[in-house]
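# Secondary and tertiary structure notes
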Amino acid sequence: MADRKAELERKRAKLNALREEKERKKKEKEQLKGRGENGGSGDGGSLPLSEPSIDVDEYLKSLGLQPQSDTSIFTDEDKSPALASDGSNLHGKSPATKAEDFQRRVDRLTVSQVTQTNIPPHEVVAYAKETQTVQSGPDHRDYEYNLNPGLEWDDEFAVLTFDDGQEEESLSLDHRHSKLPPGILRHGMPEVMEVTPALTEGEKEISKMKEEEKLKVELSEDEKEAIALSPDFQRFVLRAAKIMERAISQQLPDILVDYAKSADAEDEREKSATKLSLNRVFFDDKWSRNRCVTCLDWSSQYPELLAASYSHNADAPNEPDGVCLIWNTKFSKTTPEFIFHCQSPLTACTFAKFHPNLVLGGTYSGSIVLWDNRLEKRTPVQRSPLTTSAHTHPVYCLKVVGTQNSHNVISISTDGKLCSWSLDMLSQPQETLDLAYRQGKPVAATSLSFPPGGINNFIVGSEDGTVYSGCRHGTKTGILEAFDGHHAPVTGIHSHAVPGPVDFSNLYLTSSFDWTLKLWSLKESKPLYSFDGSGDYVYDVAWSPIHPSVFASVDGGGKLDLWNLNNDTELPAASATVDDPVALNRVSWTESGLHVVVGDDMGKIWVYDVGEQLAIPRSDEWQKFSKTLTELKYNQTTEDFDMSSNSSR
């Protein structure tokens, strides 16, 4: 401690000496400046060498210059006692001569280089009570370890100078301590810090989660409710729920299959022998319970999507009367892809063939509604008005006919009108055709069918059991022909649309409340054959999309029948009855022809797998079916002849 104080005293003495030297130099500069100003007056500017008593050394001292010896100032010739030309000694010269010689010798003085060092001002560092920091800077010497912290490099070798007007700063302990290397304390010993133990990955994750928990802000109940009710949040949840449900319900292939093992012949026989088996059931407890399935239709762009329309639920008066659900048969999910509803019971629905995002619905009130699944909106985006220019009775069938560039929506109703609509404008129909046969009463149409690829000719079934054929455009429009055969309202009608080597597009099937199915030809006025084996109302019928002689029918007893006319015309090839005591009122085939879908009057949709031996046709099926039709026509002619013979008797 005493050495430290002595060191400080020496530094203070050195600093005081520098101050005095500065003051002295300042005064000498002022004196020289004053003498220079008086030099223009003549005698006042000359050096005071005219006085004989002045000495050169004393004059140099007065100017602040250290007198030098004769050996450092004068040349070699001046070292010897120089004699003047007149032989007199230099020191014996007159004062004027002495002044001239001195001036000459002063001009020979050599100028030494002076190096001036400027030290930047001391940086003021503020310290908090909690922490002590070590000053760092660009100088590499601040990072060198000094064994004697009290003696710095700058104190030994640096020259301190001060500019004019600059305040002097004292050397303090803090200044010296700020130059200590990192980790070195004031007393010169290294700083000992606590070492944090290494953490595992799991501990790091736990620590990170704890930090995140601290940063989380708890929302109030009102804020949570506002977020949950926001449209963006609900849209995100619905979209994420659909994706997660598809991923969870995705059927993965059998990873344990052994391709080296031969297939079990018995299993193959059982599989081939099964002509009709239940695959799955579509049902939604909220939207389809106690609602009758009124129509089924498939998307032309996404064949796995099935649209189903439902009537009202008498047990839920506060729910919408009409519901349309879009089901996905590709995934094993049990919820619909889209949910649409309206304020009137739905009696028909269809996909817009050339607009896969649009779904059309016909209502019991007579209006046409349009939904768009891109808008995240369950209510219709368009609706036709209830006016006399359009339908005023229930719309029982909707069809989209035409091409991509020119197509229309055709609707029929029991009010005796056939209307043509444009999807761009449902405010009024583009065309209206009155369905009346031979200027009689209007035809109360209950079902509609167009021949494959046709947009002009159509077939309708009516409430009185008569089937009518008509034409939309041409010299003769409206109802052209009538086909009597049923004794009760016609519930379903479907034209043959299977392409093949033989054209059967003139054939169509009808179902009726008279418990019968009938096979018709547009070329014949009477049915080709009547299937009378049903024990209840027959609600619907549909041809297979790939097999020329296979069709399906459903009845009020919950029974699904598959017929193959090439094998048997008296009995169905396969039958299935649903477990619940319900009535099956709608049937439809998938595009592949390997599945058949039926809807009941309690809101369930049953999907059945059709065996390949029944669903997939052989190459000779068209020729066999042509022979079958010939036999049916012959039998019908024979039967009619016998009946006429018996009546004549």
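Reading the values: rules and limits
Residues numbered from 1 in each chain as written. Predicted model: local features only at pLDDT ≥ 70, side-chain atom pairs only at ≥ 80, totals over all residues. Heavy atoms only, no water. Core = buried A, V, L, I, M, F, W, Y, C linked by side-chain atoms within 4.5 Å. Buried < 20%, exposed > 50% of the residue type's maximum accessible area, 1.4 Å probe, protein only. Helix = DSSP H or I, 4+ residues; strand = E, 2+ residues; numbered from the N terminus. Contact = heavy atoms within 4.5 Å. Pairing = 2+ DSSP bridges. Axes fitted to C-alpha atoms, helices over the stretch in contact; angles between N-to-C directions. Patch = residues over 30% accessible without salt bridge, like charges linked within 9 Å, V, L, I, M, F, W, Y side chains within 5 Å. Areas by Shrake-Rupley, 256 points an atom, 1.4 Å probe, with all protein chains shown as cover. Salt bridge = Lys/Arg side-chain N within 4 Å of Asp/Glu carboxyl O. Lys, Arg positive; Asp, Glu negative; His and termini not counted. Charge placed at Lys NZ, Arg CZ, Asp CG, Glu CD.

Moving on: the nonpolar core. By size, the foremost hydrophobic cluster in this structure holds 21 residues, and its most contacted members are Leu276, Leu560, Val596 and Tyr608. Secondary-structure elements contributing two or more residues to this core are strand E23 (550-555), strand E24 (559-564), strand E25 (574-577), strand E26 (584-589), strand E27 (595-600), strand E28 (605-610) and helix H12 (612-615). Residues in contact with Tyr608, not counting those within four places in the same chain, are Leu276, Ser277, Leu278, Asn279, Leu560, Ala576, Thr577, Val578, Leu594, His595, Val596 and Val598. Of all hydrophobic cores here, the second largest spans 19 residues; its members include Leu507, Leu519, Leu528 and Phe551.

Spatial strand order, E2-E3-E4-E5: four strands in an open sheet with antiparallel pairing. At either margin of the open sheet sits one strand with a lone partner, and together these are strand E2 (293-298) and strand E5 (338-342). Each adjacent strand pair in this sheet contributes to an overall mean axis angle of 20 degrees, direction not counted. In this sheet, E5 lies alongside strand E4 (residues 322-328) in antiparallel orientation, the contact comprising five bridges. Residue Leu325 lies in a different strand from E5, and its bridge partner there is Ile339.

Turning to a negative patch on the surface, a few remarks are in order. A surface patch of negative charge is lined by Glu201, Glu205, Glu211 and Glu212. Along the chain, the position of Glu211 falls in helix H8 (residues 201-215). For Glu211, a relative accessible area of 43% corresponds to the partly exposed category.

Glancing now at the pattern of salt bridges. In total, this model carries 14 salt bridges according to the counting rule given. The partner of Arg24 in a salt bridge is Glu21, and the shortest N-O contact between them spans 2.4 Å. Placement of the pair is Arg24 and Glu21 together in helix H1 (residues 2-37), with a separation of three residues, close to one helical turn. Arg24 gets classed as partly exposed once you look at its relative accessible area, which sits at 34%. Here Lys604 ties to Asp580 by a salt bridge, and the two come within 2.9 Å at their closest N and O atoms. Here Asp580 lies in the loop between E25 and E26 and Lys604 lies in the loop between E27 and E28, a separation of 24 residues in the sequence. For Lys604, a relative accessible area of 23% translates into the label partly exposed. One network of salt bridges, with partners in common, ties together Glu7, Arg10 and Lys11.

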